[in-house]
Amino acid sequence: MRLYDIISKKRDKKELSKEEIEFFIEKYTNGEIPDYQASALLMAIYLNGFTTEETANLTMAMVNSGDVVDLSMIDGVKLDKHSTGGVGDKTSLILVPMVAAAGGKVAKLSGRGLGHTGGTLDKLESIPGFNISVKEDKFKDMVENAGLVIAGQTQNLVPADKKIYALRDVTATVDSIPLIAASIMSKKIASGADAIVLDVKYGEGAFMKTAKDAEKLATAMVNIGKSVGRNTSAAITLNGEPLGYAIGNALEIKEVIEILKGEGPDDLRELCLQLGAQMLMLGNIETDVEKGRAKLEGILKDGSALAKLRQLVVLQDGDPSVIDNSELFEIAPLTHKVKATKEGYVYELNAESVGVSSLLTGAGRHTKDDELDYGAGIILEKKIGDYVKVGDVLATLYSSDEDKFEKAEEELQSAYAIKAEKPEKASIIHKII
Ligand code: URA
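These figures come from a predicted structure and were not determined experimentally.

### Remarks on the overall build of the protein
And then number 1: Counting its secondary structure elements, the protein contains 17 helices and 13 strands.
And then number 2: The C-alpha atoms of the protein give 22 Å as radius of gyration, which agrees with the globular expectation for 433 residues (22 Å, within 12%).
And then number 3: Taken along the three principal axes of its C-alpha coordinates, the protein extends 70 × 45 × 40 Å.
And then number 4: Burial analysis of the protein (433 residues in total) assigns 54% to the buried set.

What follows is the structure, given as structure tokens:
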């Protein structure tokens, strides 16, 4: 088999066989195919697309390029969830304990933040002592006996994706639906998931700009799941403004604790209840969304979801006293209020600019090696639909470095569009498929 022939076949809009896709993934991962040929094939896929079968074959070839977590010895459906990324998106930290408290088994491998989006691992590491490196035996033991674990990905999980993603990034082939779908689903399947709930975001700052494109991506991923025997459902959700009011690491964990106590912001709770109900259905714990929601609402009220988070923290070597009393979190000592310079309704609140502003306070990374200020970030005071007068506080910035406030404020001011006209508040969940 020659890659030349595979490239010309896809260039001519023909369907690739399983063997041809496996050949490409295996040989490219082990360095036998040069980047220029792989780039040509990726561009041909970008331009001419992939069928559902080709996309499923690509996904499984990528899964098999490295380590695969085997959780088959554990009874029950092992659940996972994935969000295509959003600012202030702390849903994993709410869903994992909530679903585990309802009887689900959730095994979650997460990543770090880079650029304007935060990462679940960074947020967890703002809990003193929390350890994201969990050895395989302990990982399995936690899923089996506690129903939850959140750990960092091993180096060798889907190595094909690491190489291909780096190449796509420099060859203008990132935003191809089959390539994104295979990239995401391969990592979920290699992490040991039997069933996956996806939160596919659209809007400013999201990969997919429109609900229609997000639905196409979601459908591609649900189809991969169906083809390879992993029950998958997806919520198409608006990434209009940040979720909740807190952006940062420790600040977001404090908001997670509020939700797990049955308090906290409505937008965040609603999204978690919807995604959580889907997870309970895929996990065969509930038979319909309404029953799932009711169960989860009960779990938030009776404290068992918060107790699950506490158990996760203890099992992963963290200090549970910050969960018992979130005032003990070390929040950055300096604050700076960002005030409205115009009267009217908050008409838009650009999530990407809020994310960049949070990064500028020290809560995020410009490059992979930057150190984080775990207590830095933003508490929003005003969101879309709120009326403000000149001088009203729009948000409070937190940082350990006074010099960071000027640029962070400038960026945050640019995130707010204030107009005389009242905006229509769009619902976050567009569709579930
Ligand atoms: N996220 C991924 O993991 N892969 C993509 O290709 C795009 C977003």
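Moving on from the coordinates now.
### Notes on unusual backbone geometry
And then number 1: Here the phi dihedral of Asn284 falls at roughly 60°; this positive angle occurs in a residue that is not glycine.
And then number 2: Asn284 sits in the partly exposed class, given 13 other C-beta atoms within 10 Å.
And then number 3: The backbone of Asp317 sits at a positive phi, close to 65°, despite the residue not being glycine.
And then number 4: Note on placement: Asp317 falls in the loop between α14 (304-315) and α15 (321-324).
And then number 5: We classify Asp317 as partly exposed; it has 14 C-beta atoms within 10 Å.

### Considerations on the confidence of the model for the protein
And then number 1: Here the protein shows a mean pLDDT of 94. Residues at 70 or above account for 100%.
And then number 2: The complex model carries a pTM of 0.92, and its ipTM stands at 0.96.

### Describing the sheet that holds strand β9 (residues 377-380)
And then number 1: Taken in spatial order, the 4 strands make up an open sheet running β6-β9-β11-β7, and their pairing is antiparallel. Pairing within the sheet leaves two strands with one partner each, and these edge strands are β6 (246-248) and β7 (334-339). The average undirected angle you get between the axes of adjacent strands in this sheet is 15°.
And then number 2: Judged from the 3 bridges that link them, β6 and β9 form a sheet pairing that is antiparallel. Bridge assignment links Gly248 to a residue of β9, and that residue is Gly377.

### Overview of the site of the ligand
And then number 1: Taken together, Tyr165, Leu179, Ile180, Ser183, Ile184 and Phe207 are the residues near the ligand.
And then number 2: A class-by-class count of the residues in the shell around the ligand yields 5 nonpolar, 1 polar and no charged.

### Remarks on the packing of helix α1 (residues 3-11) against helix α3 (residues 35-48)
And then number 1: The contact between α1 and α3 brings their axes to 9 Å, and the two run at 20°. It follows from the interaxial angle that α1 and α3 lie roughly parallel. Classified by chirality, the crossing of α3 by α1 is left-handed. Residues Leu3, Ile6, Ile7, Lys10 and Arg11 of α1 lie in contact with α3, whose contacting residues are Gln37, Ala40, Leu41, Ala44, Ile45 and Asn48.
And then number 2: Split into classes, the residues belonging to the contact of α1 with α3 amount to 7 nonpolar, 2 polar and 2 charged.

### Remarks on the UniProt feature "domain: Pyrimidine nucleoside phosphorylase C-terminal" (unreviewed entry) in the protein
And then number 1: With numbering aligned to this structure, UniProt lists the feature "domain: Pyrimidine nucleoside phosphorylase C-terminal" (unreviewed entry) at residues 345-419.
And then number 2: Secondary structure content for residues 345-419 is 32% helix and 29% strand, and the end C-alpha separation is 5 Å.

### Comments concerning the nonpolar core
And then number 1: In this structure, Met98, Val99, Ala181, Leu217 and Met221 are the most contacted members of the largest nonpolar core, which totals 137 residues.
And then number 2: With near-sequence residues (within four places) excluded, Ala181 lies in contact with Thr55, Leu217, Ala220, Met221 and Ile224.

### Description of the domain arrangement of the protein
And then number 1: You can read the domains of the protein as domain 1 (3-49), domain 2 (78-324) and domain 3 (330-419).
And then number 2: Centre-to-centre separation of domain 1 and domain 2, based on C-alpha positions: 31 Å.
And then number 3: Contributions of two or more residues to the side of domain 1 that touches domain 2 are made by α2 (18-29) and α3.
And then number 4: With 7 residues, α3 is the single largest residue contributor to the side of domain 1 that touches domain 2.
And then number 5: When its residues are assigned to classes, the side of domain 1 that touches domain 2 shows 7 nonpolar, 3 polar and 1 charged.

The rules behind each value
- Residues numbered from 1 in each chain as written.
- Predicted model: local features only at pLDDT ≥ 70, side-chain atom pairs only at ≥ 80, totals over all residues.
- Helix = DSSP H or I, 4+ residues; strand = E, 2+ residues; numbered from the N terminus.
- Rg over C-alpha atoms; globule rule 2.2 N^0.38 Å.
- Buried ≥ 20, exposed ≤ 12 C-beta atoms within 10 Å, placed from the backbone.
- pLDDT = per-residue confidence, 0-100.
- Pairing = 2+ DSSP bridges.
- Axes fitted to C-alpha atoms, helices over the stretch in contact; angles between N-to-C directions.
- Near = placed C-beta within 6 Å.
- Nonpolar A, V, L, I, M, F, W, Y, C, P; charged D, E, K, R; others polar.
- Parallel < 35°, antiparallel > 145°, perpendicular 65-115°, else oblique.
- Left-handed = near helix turned anticlockwise from the far one by under 90°.
- Contact = placed C-beta atoms within 7 Å.
- UniProt positions renumbered as here; feature names shortened; annotations may be inferred.
- Core = buried A, V, L, I, M, F, W, Y, C linked by C-beta atoms within 7 Å.
- Domains from an automatic or database assignment.

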